[in-house]
Amino acid sequence: MTDQVSAQNPGAHKAPPLRKTPTGIAGLDALTFGGLPEGRPTLMCGAAGCGKTLFGITFLVKGSEDHGDPGVFMSFEERQDELTTNVASLGFDLDDLIARKKLVVDYVRLERGEIEQAGDYDLEGLFVRLGHAIDTIGAKRVVLDTVEALFAGLEDSATLRSELRRLFAFLKAKGVTAIVTAERGEGQLTRYGIEEYVSDCVILLDNRVIDQVTTRRLRVIKYRGSSHGTNEYPFLIDEQGVTVLPITSAGLAHEVSSEVISAGVAGLDAMLGRHGYYRGSSVLVSGSAGTGKSTLAASFVDAACARGERSLYFAFEESAAQVIRNMGSVGIDLQRHRDAGLLVFEAARPSLYGFEMHLARMHRDIETYNPSVIVVDPISAFRGPAVEVNATLLRLADICKSRGITALFTSLSSTGDAMTDGERDVSSLMDIWIALTDLEANGERNRVLSLLKARGMSHSKQLREYRLTDHGIEMVPVYVGPDGVLTGTARVAQEAREREAEQSRQDRITARRRVLERRRVAVERQIAELQAELESEEAEVTRMGEQDEVDATNRHADRSLMSTLRGDL
Amino acid sequence: MSAAHDVPLDDDGQVHLRLYVAGQTPKSLAAIANLKRLCEEHLAGRYTIEVVDLQVTPQLAAGDQIVAVPTLIRRLPPPLRRVIGDLSNAERVLVGLDMIPRSSAT
């Protein structure tokens with residue numbers, strides 16, 4: 001694409017480049033690098049129901065609203081009131097435009113049965129009508145829808161052909177930018193081969209059904225004097241009108257950010273080396289049914305909204321109301337973000353459109369809403385050839401990367417350990433891959449989260465058990481013991497056992513301590529007794545010594561008394 | 001041509017014709033001449049012809065759903081009939097104006 005842009009202006013010294021008239025149809029202007037050739041007719045061909053008329057009306061209405069170009073719609077198929085009703089659903093008010101002289105709708109009715117041809121004729125009447133309509137409001141844009149109706153309404157196709165050639169010359173002479181629509185024909189672009197006369201720009205619309213899913217596609221077949229995107233591009237017709245989505249692969253040249261944003265779960269942030277996801281990275285959350293993928297996604301969105309960032313949630317399995325209710329049950333209040341205008345849900349069944357169309361729709365929503373984070377829940381809802389799904393996701397990831405949007409994709413994986421081809425393909429696009437698994441043991445299932453990869457940061461290699469509590473996801477440290485990883489009640493039981501063992505050890509020590517204490521008390525008492533015994537013995541001995549002295553004194557006194565009595569004078 | 005007497009006519013028998021042309025082109029002039037001649041032959045005295053030049057009054061083209069010119073419209077008697085071309089094929093003109101039965105036209 002970028003090559004073509006540069007090729008468009010090969011040199012400024014040449015004649016002034018082709019002037020272009022923006023169609024106002026997002027995407028079509030991008031892939032034609034500015035719009036349709038100004039002052040020239042463009043042929044838009046396609047089978048019935050391709051949206052030719054809507055393209056035409058959008059071209060005129062947008063031209064009037066955005067560029068102030070009045071327009072003429074010459075309808076050969078629908079009456080003005082039918083047309084007005086048909087496009088009212090797109091928010092186009094034709095009556096108002098007509099009243100303000102911004103639009104003229106001229107319904108040309110041709111009934112072959114009512115017209116008798118008697119001699120040569122020409123289409124000057126049509127020219128006069130067209131010329132009059134153009135001149136009345138000074139129209140810059142003209143749509144002829146579907147000019148081939150002339151062939152059905154009038155005889156003498158040789159005359160018609162030469163008149164059509166003159167008609168296109170007339171349009172050029174008038175200097176109006178015109179869209180001429182035509183039915184797709186067998187083996188050629190249009191049923192009556194009018195592509196022969198319109199040589200400036202030819203756009204082909206297509207409505208293809210593959211596997212019961214319809215995808216509208218657009219291709220610029222030729223654009224004289226300008227380069228253009230050559231691929232088929234999907235386009236949408238919905239309440240927002242016509243949107244063409246040139247899906248440009250951004251390549252791998254996008255800016256990277258080293259800013260980190262929270263995953264919305266504290267324990268998960270802690271497992272990531274940089275405490276969150278890099279802004280602009282693509283995160284894949286895979287897991288089997290009921291592992292809480294959506295909850296993890298909602299936590300991420302909740303955190304983003306809480307930071308005041310805009311988020312876009314693509315729900316492919318649940319309606320917005322259902323997601324909000326379910327997340328409410330785990331304490332994540334998404335409704336308040338929705339009310340605050342920070343969160344937008346886009347819910348659609350995957351089978352509603354083809355992949356291309358989904359991608360196109362998501363691309364448009366991203367462009368319109370300009371979110372800083374998106375969630376696609378889940379990507380596994382897209383069934384189809386792996387190559388196609390993969391290409392779609394690659395482009396979505398590219399779109400997000402080029403805009404610095406952090407994208408979280410959830411994917412339902414089979415319960416087995418083996419990785420499916422699809423998962424392998426998708427995972428290589430992702431910067432961070434979080435696997436949620438159900439560990440089955442001891443008659444129960446427990447949820448375990450592990451980080452399979454995280455580009456550009458170190459991360460925990462541990463399996464971490466988590467619980468969906470009524471206040472969000474809570475990470476629980478996993479018991480890693482000699483018997484491996486234990487989770488759930490097994491972990492609780494093991495922890496209880498360990499606590500018991502510890503307790504009894506403590507008890508034993510206390511008991512031993514008491515016994516020792518008792519013994520010490522006993523020993524000390526014995527010591528005290530012995531001491532007392534010794535002391536009493538000592539006292540005895542002292543007492544005996546004193547007695548002796550008394551006795552000796554007494555004996556001496558006795559003896560002196562006795563000698564006195566004997567008269568030993 | 002006696003067929004002209006079979007024409008279902010209005011009460012007063014008047015046939016009101018309007019011929020749309022765009023400028024004084026050879027085709028326009030031929031159509032006007034052809035029409036006058038046919039009317040004189042088949043509707044002498046009970047027809048009116050109004051010639052509208054769209055180059056002068058282009059706003060009238062849409063009202064009568066004019067695409068090709070020249071276009072001859074029989075406004076009265078109803079129903080409205082239209083014939084396109086320079087009216088050089090008299091039989092087709094008469095068929096177109098319901099003046100002879102369709103089946104006899106080849």
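Residues numbered from 1 in each chain as written. Chains lettered and ligands numbered in written order. Predicted model: local features only at pLDDT ≥ 70, side-chain atom pairs only at ≥ 80, totals over all residues. Heavy atoms only, no water.

## A word on a negative patch on the surface
In step 1: Together, Glu-529, Glu-533, Glu-535, Glu-537 and Glu-538 of chain A give the surface a local cluster of negative charge.
In step 2: Within the element layout of this structure, Glu-537 of chain A appears in helix α16 (residues 488–566). (Patch = residues over 30% accessible without salt bridge, like charges linked within 9 Å, V, L, I, M, F, W, Y side chains within 5 Å. Areas by Shrake-Rupley, 256 points an atom, 1.4 Å probe, with all protein chains shown as cover. Salt bridge = Lys/Arg side-chain N within 4 Å of Asp/Glu carboxyl O. Lys, Arg positive; Asp, Glu negative; His and termini not counted. Charge placed at Lys NZ, Arg CZ, Asp CG, Glu CD. Helix = DSSP H or I, 4+ residues; strand = E, 2+ residues; numbered from the N terminus.)

## Digging into helix α3 (residues 52–67) of chain A
Residues and elements named next belong to chain A.
In step 1: Counted at 1.5 Å a residue, the expected span for α3 with its 16 residues is 22 Å, and the 21 Å between its end C-alpha atoms agrees.
In step 2: Of all 16 residues in α3, 12 are buried; the element is thus mostly enclosed.
In step 3: Every buried residue belonging to α3 is among Lys-52, Thr-53, Leu-54, Phe-55, Gly-56, Ile-57, Thr-58, Phe-59, Leu-60, Val-61, Gly-63 and Ser-64, and all of these are buried.
In step 4: Looking one or two places after α3, you find Gly-68, whose phi comes out positive at around 65°. (Expected span 1.5 Å × (residues − 1). Buried < 20%, exposed > 50% of the residue type's maximum accessible area, 1.4 Å probe, protein only.)

## Some words on the pattern of salt bridges
Between side chains of opposite charge, pairing is possible as soon as their charged atoms come close.
In step 1: On inspection of all chains with the given rule, the structure shows 34 salt bridges over all chains.
In step 2: For Glu-517 of chain A, the salt bridge is made with Arg-520 of chain A, and the minimal N-O distance between the two is 2.7 Å. Placement of the pair is Glu-517 of chain A and Arg-520 of chain A together in helix α16, with a separation of three residues, close to one helical turn.
In step 3: The exposure class assigned to Glu-517 of chain A is partly exposed, which follows from its relative accessible area of 39%.
In step 4: Across the pair Asp-64 of chain B and Arg-18 of chain B runs a salt bridge, and its minimum N-O distance is 3.2 Å. With Asp-64 of chain B in the loop between α2 (60–63) and β3 (71–76) and Arg-18 of chain B in strand β1 (residues 15–21), this residue pair connects regions lying 46 residues apart in the sequence.
In step 5: Classification of Asp-64 of chain B by relative accessible area gives buried; the value is 12%.
In step 6: For Arg-18 of chain B, a relative accessible area of 14% puts it in the buried group.
In step 7: Sharing partners across several salt bridges, the network here consists of Glu-259, Arg-279, Arg-307 and Glu-309 of chain A.

## What about the sheet that holds strand β2 (residues 47–53) of chain B?
In step 1: Spatial ordering of the open sheet is given by β6(A)-β4(B)-β3(B)-β1(B)-β2(B), a layout of five strands whose pairing is mixed. Single-partner strands in this sheet number two, and they are β6 (115–117) of chain A together with β2 of chain B. Between one strand and the next, the sheet's axes are offset by a mean angle of 25°, whatever the strand orientation.
In step 2: Contacting β1, β2 and β3 of chain B, helix α1 (residues 26–42) of chain B runs over the sheet at an angle of about 175° to β2 of chain B. (Pairing = 2+ DSSP bridges. Axes fitted to C-alpha atoms, helices over the stretch in contact; angles between N-to-C directions. Contact = heavy atoms within 4.5 Å.)

## Looking at the side chain of Lys-20 of chain A
All names here are of chain A.
In step 1: In this structure, Lys-20 sits in strand β1 (residues 20–21).
In step 2: Separated by 2.8 Å, the side chain of Lys-20 and the backbone oxygen of Thr-32 make a polar contact.
In step 3: Looking at Lys-20, its side chain comes within polar contact range of the side chain of Ser-226, at 2.5 Å. (Polar contact = N/O pair within 3.5 Å; in protein donor to acceptor, adjacent residues only side chain to side chain.)

## Observations concerning helix α6 (residues 124–137) of chain A
In step 1: If you check α6 of chain A, its first and last C-alpha atoms are 20 Å apart, about what 14 residues at 1.5 Å a residue would give, namely 20 Å.
In step 2: Taken together, the buried positions of α6 of chain A are Glu-124, Gly-125, Leu-126, Phe-127, Val-128, Arg-129, Leu-130, Gly-131, Ala-133, Ile-134 and Ile-137 of chain A.
In step 3: Of the surrounding elements, those touching the buried residues of α6 of chain A are β4 (71–75), β5 (103–107), β7 (141–145), α7 (149–153) and α8 (157–174) of chain A together with α2 of chain B.
In step 4: In the segment just after α6 of chain A, Gly-138 of chain A is the residue with positive phi, at about 65°.

## Regarding the domain arrangement of chain A
In step 1: Taken domain by domain, chain A consists of domain 1 (2–244), domain 2 (260–477) and domain 3 (496–569).
In step 2: On a C-alpha basis, the centres of domain 2 of chain A and domain 3 of chain A stand 87 Å from each other. (Domains from an automatic or database assignment.)

## A short note on the sheet that holds strand β21 (residues 444–454) of chain A
Residue and element names in this part refer to chain A.
In step 1: Pairing within the open sheet is mixed, and its nine strands lie in the order β17-β16-β18-β19-β15-β20-β21-β22-β23. In this open sheet, the two strands that pair with only one neighbour each are β17 (343–347) and β23 (472–476). Between one strand axis and the next, the sheet turns by 25° as a mean value, whatever way the strands run.
In step 2: Pairing between strand β16 (residues 311–315) and β17: five bridges, direction parallel. Paired with Phe-314 across the strands is Glu-346, a residue of β17.
In step 3: Across the sheet, α16 lies against β21, β22 (464–469) and β23, angled at about 100° from β21, the strand it touches most.

## Quick word on the interface of chain A and chain B
In step 1: With 24 residues of chain A at the contact, the number on the chain B side is 27 residues.
In step 2: In this assembly, chain A packs against chain B so that about 2100 Å² is buried in total across both faces, 56% of it on carbon and sulfur atoms.
In step 3: Three residues, Glu-116, Ala-118 and Arg-129 of chain A, lead the burial of chain A against chain B; their summed loss comes to 32% of the area buried on that side.
In step 4: Scanning the region where chain A abuts chain B turns up three salt bridges.
In step 5: The partner of Arg-92 of chain B in a salt bridge is Glu-155 of chain A, and the shortest N-O contact between them spans 3.6 Å.
In step 6: Summed over the shared surface of chain A and chain B, the number is 15 residue pairs in polar contact (both at pLDDT 80 or more).
In step 7: The leading source of residues in the side of chain A that touches chain B is α6 of chain A, at six residues.
In step 8: When grouped by side-chain class, the residues that make up the side of chain A that touches chain B number 11 nonpolar, four polar and nine charged.
In step 9: In this structure, β6 of chain A lies alongside strand β4 (residues 81–84) of chain B, joined through three bridges in parallel fashion. Residue pairing for β4 of chain B: Ile-115 of chain A is matched across the bridge by Arg-82 of chain B. (Buried area = accessible area lost by both parts, 1.4 Å probe. Nonpolar A, V, L, I, M, F, W, Y, C, P; charged D, E, K, R; others polar.)

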